[in-house]
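# Chain and residue survey
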Amino acid sequence: MITAKLRTMSWAIEDAFVNDGADYSSEDSSAFPAELTIPIDFGGLRLDQALARLFPRHSRSRVQTWVREGWVTLNDQTVDPKRKVWGGERLRVAPDDEPDRNGDEAEDIALEVVHEDLGLIVIDKPVGLVVHPGNGVTRGTLLNGLLHRFPELRGLPRAGIVHRLDKDTSGLLVVARTLEAQTDLVRQLQSRTVKRVYLAVVNGHPPMQGTIDAPIGRHPYHRTRMAVIEGGRDARTHFQVLERFDGAALVECRLETGRTHQIRVHLTHLGHPLVGDATYRRRTPSASGLADFSRQALHAHQLALVHPLSRLPMEWTSPLPADFADLLRRLRGEG
């Protein structure tokens, strides 16, 4: 049986960021299809590692997709991304997944932009806005709004979006404005140096602080849900109780990893599902008769990262949305 591993922790947020940006160069502007020879000094590398060095403007996951989809040939043959190269092989790269957002419509959707510069955009997403088209949703998304306000994003994969928030989760997310910035931000997320702090209202009385360390994967029976399962992807959520109420608590959560529905799944696994979370609350009654709260009580409150161009640390904070603030007032008995 998998259990949540709770351990006392210091709540200080690290100031150091790992990614120093030295592993790509803005000079790389190779056009596709590209044909070249594997350098001799790349001998012994895996193919995906060699590709990441040869095309540093693109993330490792992206070049792995090229190989898996058969868009990369080595000596005129498709190969596995883990195949080792020895130097001197003929390499051809002709990806069909080059950025193409022509199928997505630009729409005039109101977006709260809290920061924008040449490298990135920070959005304060409202409740109810879907981030990316999918699952039958083709219009009215954050991506559609971004394409209208920032037309240049049509040339980037996923219009520069590097991470997502659930439809009914409010708060901060970052969007890249260049391919170099997008690759760098993805690498910061992968190296777990991006600070993402959420506020959540949960049912019951969880421990004052700790870490939930439990793997997350697709639910074996309910395929639209995620769950803590054996063999899932590693996932860690650090939490601290900020305030207790009658049958509920305000909790600050810090993501170390970024799995789908991670906070919602982890807190449910701990036995303290989010107030208003119809998907993961199961049969747990809502605190203090607050079953009428219409969405999961989760807000992406703080975001911090190293700017992909200036290399300076940056941080943003989002105020609580009205419905979340009203929920806290009710729990405090303030009306």
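Preceding this paragraph is the structure being described.
What counts, and where the lines are drawn
- Residues numbered from 1 in each chain as written.
- Predicted model: local features only at pLDDT ≥ 70, side-chain atom pairs only at ≥ 80, totals over all residues.
- Heavy atoms only, no water.
- Helix = DSSP H or I, 4+ residues; strand = E, 2+ residues; numbered from the N terminus.
- Contact = heavy atoms within 4.5 Å.
- Areas by Shrake-Rupley, 256 points an atom, 1.4 Å probe, with all protein chains shown as cover.
- Pairing = 2+ DSSP bridges.
- Buried < 20%, exposed > 50% of the residue type's maximum accessible area, 1.4 Å probe, protein only.
- Polar contact = N/O pair within 3.5 Å; in protein donor to acceptor, adjacent residues only side chain to side chain.
- Phe/Tyr/Trp six-rings, centres within 6.5 Å; stacked < 30°, edge-to-face > 60°.
- Lys NZ or Arg CZ within 6 Å of the ring centre and 35° of its normal.
- Core = buried A, V, L, I, M, F, W, Y, C linked by side-chain atoms within 4.5 Å.
- Axes fitted to C-alpha atoms, helices over the stretch in contact; angles between N-to-C directions.
- Parallel < 35°, antiparallel > 145°, perpendicular 65-115°, else oblique.
- Left-handed = near helix turned anticlockwise from the far one by under 90°.
- Nonpolar A, V, L, I, M, F, W, Y, C, P; charged D, E, K, R; others polar.

## Side note on the overall build of the protein chain
- In terms of helices and strands, the protein chain carries six helices and 15 strands.
- Partitioning the intrachain contacts of the protein chain with sequence separation of at least 6 by distance along the chain shows that 68% fall at a separation of at least 24.
- In the form shown here, the protein chain has an accessible surface area of approximately 15,900 Å², with 48% of it arising from carbon and sulfur atoms.

## Digging into the sheet that holds strand 1 (residues 34-37)
- An order of 1-4-2-3 is seen for the four strands of this open sheet, with the pairing classed as antiparallel. Of all strands in the sheet, those with a lone pairing partner are strand 1 and strand 3 (77-78), marking the two edges.
- Of the pairings in the sheet, the one linking strand 2 (residues 72-74) to strand 3 comprises two bridges and is antiparallel in character. Within strand 3, the position partnered with Thr73 by the bridge is Thr78.

## Let's talk about unusual backbone geometry
- The backbone of Asp76 sits at a positive phi, close to 70 degrees, despite the residue not being glycine.
- A relative accessible area of 61% places Asp76 in the exposed class.
- Despite not being glycine, His261 has its phi angle at roughly 60 degrees, a positive value.
- Assignment of secondary structure puts His261 in the loop between strand 13 (248-255) and helix 5 (262-270).
- Overall, the relative accessible area of 18% leaves His261 in the buried class.

## Some details on the side chain of His272
- In this fold, His272 is placed in the loop between helix 5 and strand 14 (298-306).
- At 2.9 Å, the side chain of His272 and the backbone oxygen of Asn203 are in polar contact.
- When residues no more than four places from it in sequence are discounted, the contact partners of His272 are Val202, Asn203, Gly204, His205, Pro206 and Leu267.

## A few points about the environment of Leu156
- Assignment of secondary structure puts Leu156 in the loop between helix 3 (142-149) and strand 7 (170-176).
- Assessed through its relative accessible area of 7%, Leu156 is described here as buried.
- Taking the C-alpha atoms as reference, Leu156 lies 6.4 Å from Leu179; in sequence the two are 23 residues apart.

## Regarding the packing of aromatic side chains
- For the structure shown, the criterion picks out one aromatic pair.
- Summarising the aromatic geometry, the rings of Phe55 and Trp66 are spaced 6.0 Å apart at their centres and angled 80 degrees between planes, so their arrangement reads as edge-to-face. Residue Phe55 is located in the loop between helix 1 (47-54) and helix 2 (60-68), and its partner Trp66 is located in helix 2; the two are separated by 11 residues in the primary sequence. The exposure classification of Phe55 matches that of Trp66, with both residues buried.
- Residue placement shows Arg53 over the ring face of Phe42; its charged tip is 5.7 Å from the ring centre.

## Thoughts on the nonpolar core
- In terms of nonpolar packing, the biggest core is built from 19 residues, with Leu47, Leu51, Phe55, Val72 and Leu91 touching the most fellow members.
- For this core, the secondary-structure elements that each account for two or more residues are helix 1, helix 2, strand 2 and strand 4 (90-93).
- When residues of this core are assigned to their parent elements, the largest contribution, four residues, is made by helix 1.
- Beyond its immediate chain neighbours, meaning those up to four positions away, Leu91 contacts Ala34, Glu35, Leu36, Ile38, Leu47, Leu51, Leu54, Phe55, Val72, Thr73 and Leu74.

## A look at the packing of helix 1 against helix 2
- Close contact between helix 1 and helix 2 brings their axes to 9 Å; oriented N to C, the two are set at 120 degrees. The orientation of helix 1 with respect to helix 2, classified from their angle, is oblique. Relative to helix 2, helix 1 is oriented so that their crossing is right-handed. Residue-level inspection shows Leu47, Asp48, Gln49, Leu51 and Ala52 of helix 1 in contact with helix 2, the latter providing Arg60, Val63, Gln64 and Val67.
- Tallied by class, residues from the contact of helix 1 with helix 2 come to five nonpolar, two polar and two charged.

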